[in-house]
Every structure is written in structure tokens, then in C-alpha cells.
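Fold and contact review
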Amino acid sequence: MGWGIRYVTNLFPSCTRALGIDVSPRMTWKAINMFENPPHASFECSDILAYDPTEKFDVVFSFATLYYITPMEQLGSLIKNWVKPGGLFIAGTDFYTENDATSHWPSMMNLDMDRRSISEWRSLFQTFPLINIGHKLIAYHHLTSPTDHPTLFIW
């Protein structure tokens, strides 16, 4: 979900096939043309809420994506249909209430966005039909800004 395909292939170097999905034709084009991607990566422009995979995945990695889906609760049953039994779902977000640097995003982008606290993100994922929900707050270097933003990863 989104175009964080480089992140997931770095996290899982044994990955033999990676599929990036983004609803935005512009972002899909950027993912394909502006970055060096692994040879086993492919990309689709699709609405994730309508995406119906022909097979389930070992790992589903969502980076800077979920908060555009309002309300996010509708994702629970979809994620279950995307991840193989015993598989892994990882979500990364920098849009949460404890991160003041992102509070202006909805007005700046003129979009509805679902901003939650870390505890609300955790509670949301506990309602999904998944197990072993944990979270870790890490720092990363933002792709388009020289400013470091803390990113919350939920797995």
C-alpha cells in the first residue's frame, strides 16, 4: 500500500516479489520512474479499498497511507484477506497527534485525514482480525524534507 516498496524490500531482503499499490497515478508514476527499485518490484495504480488480490501475501506493508482512508476501521476485514495465515502486516505513519509537525497536513492538502494518537492507533489495530499487535516509535529521514519526523510502526 503506497509506494514504500524500498522499505519493505530492505526489511525483508529475501523478498522475491514486491507489489506496490497507490491510488494516485502521479505517485505510482513517481514510484516507478523516480527511484531505483528492486528488479522484482511491480506497481499498480488502484484504490486499495477495491483491491482484490488473486493471492495472499506473506507481508503487507503500509507506509504513510492508512490515514487517508476514513474511517480506517473498514480496513480490518480487507487486511485479513490480503495476508496469508502466519503472515505479517506492518503499518508506518507519521500522522498522529503526538507528532505536531503533521497537524497542518489536512488543511494544507485539502483532504480528509484520520489523525489518531498512538494509543488510538494501537486500539484500532486491536479491533482488526489480526494477532500480535505491537508498536514501536522510530525516527526516519523524510523523503522530501531535511527534517527528521518520528514514524510510528504498528505490527
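Below is a short write-up of the structure. (Residues numbered from 1 in each chain as written. Predicted model: local features only at pLDDT ≥ 70, side-chain atom pairs only at ≥ 80, totals over all residues. Heavy atoms only, no water.)

Section: the pairing of strand β1 (residues 18-22)
Among the 5 residues that make up β1, 5 are buried, leaving the element largely enclosed by the rest of the structure. What you see with β1 is no split at all: Ala 18, Gly 20 and Asp 22 on one side and Leu 19 and Ile 21 on the other are buried throughout. What joins β1 to strand β2 (residues 41-45) is helix α2 (residues 25-33), and the crossover it makes is right-handed. (Buried < 20%, exposed > 50% of the residue type's maximum accessible area, 1.4 Å probe, protein only. Helix = DSSP H or I, 4+ residues; strand = E, 2+ residues; numbered from the N terminus. Right-handed = clockwise from strand over helix to strand, strands pointing away.)

Digging into helix α3 (residues 75-82)
Those residues of α3 that sit buried are Leu 75, Gly 76, Leu 78, Ile 79 and Trp 82. Each buried residue of α3 sits inside an arc of 165 degrees when the element is viewed along its axis, so together they form one side. The elements touched by buried residues of α3 are β3 (57-63) and β4 (83-93). (Arc of directions from axis to C-beta. Contact = heavy atoms within 4.5 Å.)

Digging into a nonpolar patch on the surface
There is a patch of nonpolar side chains on the surface, built from Tyr 68, Met 108, Met 109 and Leu 111 and spanning about 370 Å² of accessible area. With respect to the helices, strands and loops of the structure, Tyr 68 is situated in the loop between β3 and α3. (Patch = residues over 30% accessible without salt bridge, like charges linked within 9 Å, V, L, I, M, F, W, Y side chains within 5 Å. Areas by Shrake-Rupley, 256 points an atom, 1.4 Å probe, with all protein chains shown as cover. Salt bridge = Lys/Arg side-chain N within 4 Å of Asp/Glu carboxyl O.)

Some remarks on the environment of Met 72
One can find Met 72 in the loop between β3 and α3. Looking at Met 72, the relative accessible area reads 0%, which means it is buried. In sequence terms Met 72 and Met 113 are 41 residues apart; their C-alpha atoms lie 9.7 Å from each other. Among all residues touching Met 72, those that are not within four sequence positions of it are Leu 66, Tyr 67, Asp 114, Arg 116, Trp 121, Leu 124 and Phe 128.

Structural notes on unusual backbone geometry
Cis geometry marks the peptide bond from Thr 70 to Pro 71; its omega dihedral reads -10 degrees. Checked against the element boundaries, Pro 71 lands in the loop between β3 and α3. Even without being glycine, Asn 110 reaches a positive phi, approximately 55 degrees. Examined against the element boundaries, Asn 110 turns out to sit in the loop between α4 (105-109) and α5 (118-127).

Section: the side chain of Asn 99
Structurally, Asn 99 can be placed in the loop between β4 and α4. Within the local environment of Asn 99, its side chain forms a polar contact with the backbone oxygen of Asp 94, the two atoms lying 2.8 Å apart. (Polar contact = N/O pair within 3.5 Å; in protein donor to acceptor, adjacent residues only side chain to side chain.)

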